[in-house]
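What follows is the residue order along each chain.
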Amino acid sequence: MIKLEDPTLFRTENYVNGKWVGGSAGHIEVLNPANGTLVAKTVNGSAENARDAVEAAAVAFKSWSKTPAKERASYLRKWHDLILENADDLGALMTAEQGKPLSEAIGEVKYGAGFIEFYAEECKRVMGDIIPTVANDRRLLVYKQPIGVVGCITPWNFPNAMITRKAAPAMAAGCTVVIKPDAGTPLSALALCELAERAGIPAGVLNVLVGSDAQAIGEVLTQHEKIGKFTFTGSTAVGKILMAQCASTVKKISLELGGNAPFIVFDDADIDEAVTHCVATKFRNCGQTCVCTNRIFVHEAIARDFTEKLQRSIAALKVADGFEEGAEIGPLINTQALEKMDALMADAVDKGAKVLLGGARHELGQNFYQPTLLTNISDSMRLANEEIFGPIAAVQTFTTEDEVVEKANATEYGLAAYFFTRDVGRVMRVSEDLEYGIVCSNSGVFSTEVAPFGGWKQSGIGSEGGKEGIADFYETKFHSLGGV
Ligand code: ADP
């Protein structure tokens, strides 16, 4: 049992239409990825339960969409405050179900709450237009109206923030939402509902349905006629399936999909800074984020120095159960993730990679993997092309700016890219030439609710965060008013 200051945040039923309800597909066992113990047994919702949730959200939409933005904002503000007051408990729930270090989990809870605060403010400032008329007896007005019920599917790697990033702008805009979190990490989502209820958010506005049959529930959320928009965070492969499903009802969509982030270090970079940020961007959440550094490109003149320092920093990382004081690297999410690391390593070593550190499962057992550093990377290796999603850092070298930019862009992904250089001209050139939705120079820190986060190419459609992150939850209406 997880120790919580407020045990009533531990919810295991679905939250639909303001009620805690069962699911018609039995139960789901939520396991702690650090030790395999049972954290919770939740209900298991079905496609039929999903349809009920959509119907409830459609009814709630009628009144929520007519609730003034200022009033919606005040509900959201209360929800935000309650989340911050309970951040430690929400963090503990997350570490238990997801494995990330507790400090990182609490950090995510605060980051996630930031979206609620921001969109509570932003929704008061979403404006229509009055266009200068083309005829004196007419007026030309443009309204922004909430798009309707929003279907959301979220992943396990950020069990809190991926929900608030979607639900907050949607609810702020006047939409109601039905969310299916990952079946492995439902507790964070359900605790958010408990706090939404305490904030007084009306029944049916926020609905969370936990279910192990993602495909069946996904079909409802992508195809139900009463859903106006569908938004998804997860893998590119699943994103494509869901995008195709949305075609049948021409549903508006937003997709936050996979990444293959380059981390480029030029020969004039501050090497110590670059190493620090390389470790942070590579190993956050045990390497399991779509913006994690995936390919490290270092200029040949500094490769030796950089790699030695990187090796020392990686060797110093503390691998431990996320609840242990000072833990920096927790377990991978499950056995499949562990098996993927084994396969990527075998492929890389087979093709000539040199292992400087790690390269195998960790002695802590369960889903722990050793922080790993590889050099001698070639383009044919799987980890040079696929999203690694684990604690393996792979260093390649380059000679010229043009060469490295071309290599960095040689991927179907386009989410985040990092580079380090002190040359101002190069900062601008490289920033402009990288085909990525997020470009980060001389730092690895960028995530914030006030700026747009979204991918180019097959990394997604649309943005979350910033003014862009609420825009897609409105439909535009042009009213041509005659007889003036
Ligand atoms: P990851 O590799 O991060 O687990 P996935 O894309 O597999 O990413 O999963 C992200 C979310 O998508 C999860 O909530 C999962 O349950 C859901 N999901 C996976 N497959 C499908 C599907 N065919 N239809 C709908 N949802 C799915």
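Counting of residues starts from 1 at the beginning of each chain's written sequence and follows it residue by residue. Two thresholds apply to this predicted model, a pLDDT of at least 70 for residue-level local features and 80 or more for giving and counting side-chain atom pairs, whereas whole-chain, interface and lining totals are computed over all residues. Only heavy atoms go into the side-chain values, all of them from the structure, while hydrogens and water stay out.

1. Examining the domain arrangement of the protein chain
What counts here: Start and end points for every domain follow an automatic or database-based domain assignment. Contacts are residue-level and defined by heavy atoms, with any inter-residue pair within 4.5 Å sufficient. Here, a salt bridge means any side-chain nitrogen of Lys or Arg that lies within 4 Å of a carboxyl oxygen of Asp or Glu. Pairs of N or O atoms within 3.5 Å make up the polar contacts considered here, provided that, within protein, one atom can donate a hydrogen while the other can accept it, and that residues adjacent in sequence are counted only when both atoms are side-chain atoms.
Segmentation of the protein chain into domains returns domain 1 (7–257 + 459–480) and domain 2 (261–448). Between domain 1 and domain 2, the C-alpha centre-to-centre distance is 31 Å. Contact residues are listed per partner, giving 22 residues for domain 1 and 25 residues for domain 2. Inspection of the domain 1/domain 2 interface yields zero salt bridges. For the interface between domain 1 and domain 2, the tally reads eight residue pairs in polar contact (both at pLDDT 80 or more).

2. Observations concerning the packing of aromatic side chains
What counts, and what does not: Between 30 and 60 degrees the pair is tilted, below 30 it is stacked and above 60 it is edge-to-face, where a pair is any two Phe, Tyr or Trp rings, Trp via its six-membered ring, whose centres lie within 6.5 Å. To sort residues, take the accessible area from a 1.4 Å probe on protein chains only and compare it with the maximum for the residue type: under 20% means buried, over 50% means exposed, and anything in between is partly exposed. Helix numbers and strand numbers start at the N terminus; a helix is a DSSP run of H or I with at least 4 residues, a strand a run of E with at least 2. The rule is short: NZ of Lys or CZ of Arg within 6 Å of the ring centre and within 35 degrees of the ring normal puts a charge over the ring.
Applying the stated criterion across every chain, the model contains 10 aromatic pairs. The interplanar angle of 80° and the centroid separation of 5.0 Å between the aromatic rings of F118 and Y119 together place this pair among those described as edge-to-face. According to the relative accessible area criterion, Y119 is buried, its value standing at 0%. Relative to F420, the ring of F263 has its centre 5.3 Å away and its plane inclined at 25°; by these criteria the two rings are stacked. You can see F263 sitting in strand 12 (residues 261–265) and its partner F420 sitting in strand 17 (residues 416–420), a full 157 residues away along the chain. Accessibility expressed as a relative area gives 2% for F420, which makes it buried. These aromatic residues form a ring-pair network of at least three members: F263, Y418, F420, F446 and F453. The positively charged end of R11 is found above the aromatic ring belonging to W20, 4.0 Å away from the centroid. Above the face of the F453 ring, R165 is positioned so that its terminal group lies 4.1 Å from the ring centre.

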